[in-house]
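# Structural description and commentary
Chain residues, written in single-letter form:
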Amino acid sequence: MSSRVLVTGAAGFIGSHVCRCLIHKGCQVVGLDDLSGGFRDHLPNGAQFVQGSITDTTLMQRLFAEPNGRARGRDPRRTICNCRRSGPTE
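Quick summary incoming for the structure in this document. (Residues numbered from 1 in each chain as written. Predicted model: local features only at pLDDT ≥ 70, side-chain atom pairs only at ≥ 80, totals over all residues. Heavy atoms only, no water.)

## Observations regarding the overall build of the protein chain
Definition in use: Helix numbers and strand numbers start at the N terminus; a helix is a DSSP run of H or I with at least 4 residues, a strand a run of E with at least 2. Burial here depends on accessible area, computed with a 1.4 Å probe over protein chains only, as a share of the maximum for the residue type. Under 20% is buried, over 50% is exposed, and the range in between is partly exposed. Contacts: residue pairs with any heavy atoms within 4.5 Å of one another. For the accessible areas, the method is Shrake-Rupley and the probe is 1.4 Å, while residue cover comes only from the protein chains on display.
Check the secondary structure of the protein chain and you find two helices and five strands. Listing every helix and strand of the protein chain by position from the N terminus yields β-α-β-β-α-β-β. Split into buried and exposed, the 90 residues of the protein chain put 29% on the buried side. For the protein chain, the share of sequence-separated contacts (at least 6 apart) that also reach a separation of at least 24 residues comes to 42%. A total of about 6300 Å² of accessible surface is found on the protein chain, and carbon and sulfur atoms cover 50% of it.

In structure tokens form, the structure reads like this:
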């Protein structure tokens, strides 16, 4: 099972490159962006796009919830991803 990774600012220059790297590493990528400075066309194929802001707490809770609606056990603030590795690490 591949890691599911949320990339904020995914439609910007850096965020879109991070998305590409993670997709190349086999991650399932969810790209979040409010499009205030980025462009939807920058997201690579294979990334799921969500238009919104990290300040939208309802949206963030939904993105970090399991399909059954309960929050995941891992704290997303303590998870980092290094594109040189195979996936997210703690």
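## Comments concerning unusual backbone geometry
Here L35, not a glycine, exhibits a phi torsion of approximately 60 degrees, which is positive. Looking at where L35 falls in the secondary structure, it is placed in the loop between strand 2 (28-33) and strand 3 (47-51).

## Some remarks on helix 1 (residues 13-24)
Heads up, the condition is: Expected span, for any helix, means 1.5 Å times one less than how many residues it has.
Relative to the 16 Å expected for 12 residues at 1.5 Å per residue, helix 1 spans 17 Å between its end C-alpha atoms, a close match to the ideal helical length. In the stretch just after helix 1, G26 is the one whose phi turns positive, near 95 degrees.

## Quick word on the pairing of strand 1 (residues 4-8)
Applicable threshold: Here, any two strands with at least 2 DSSP bridges between them count as paired. Seen with its strands pointing away from the viewer, a crossover is right-handed when the path leading from the first strand over the helix to the second is clockwise.
The two faces of strand 1 differ: V5 and V7 on one face are buried, but R4, L6 and T8 on the other face are not. Here strand 1 runs beside strand 2; their pairing, made up of five bridges, is parallel. Looking at the pairing, V5 lines up with V29 of strand 2. The β-α-β motif built from strand 1, the intervening helix 1 and the parallel element strand 2 has right-handed crossover chirality.

## Brief notes about the sheet that holds strand 3
Applied cut-off: Axes here mean lines fitted to C-alpha atoms, for a helix over just the part in contact, with angles spanning 0 to 180 degrees between N-to-C directions.
Strand order in the open sheet made by the three strands is 1-2-3, with parallel pairing throughout. The open sheet is flanked by strand 1 and strand 3, the only strands paired with a single partner. Between one strand axis and the next, the sheet turns through 25 degrees on average, direction left out of account. Its contacts with the sheet put helix 1 on strand 1, strand 2 and strand 3, and the angle it makes with strand 1 is roughly 170 degrees.

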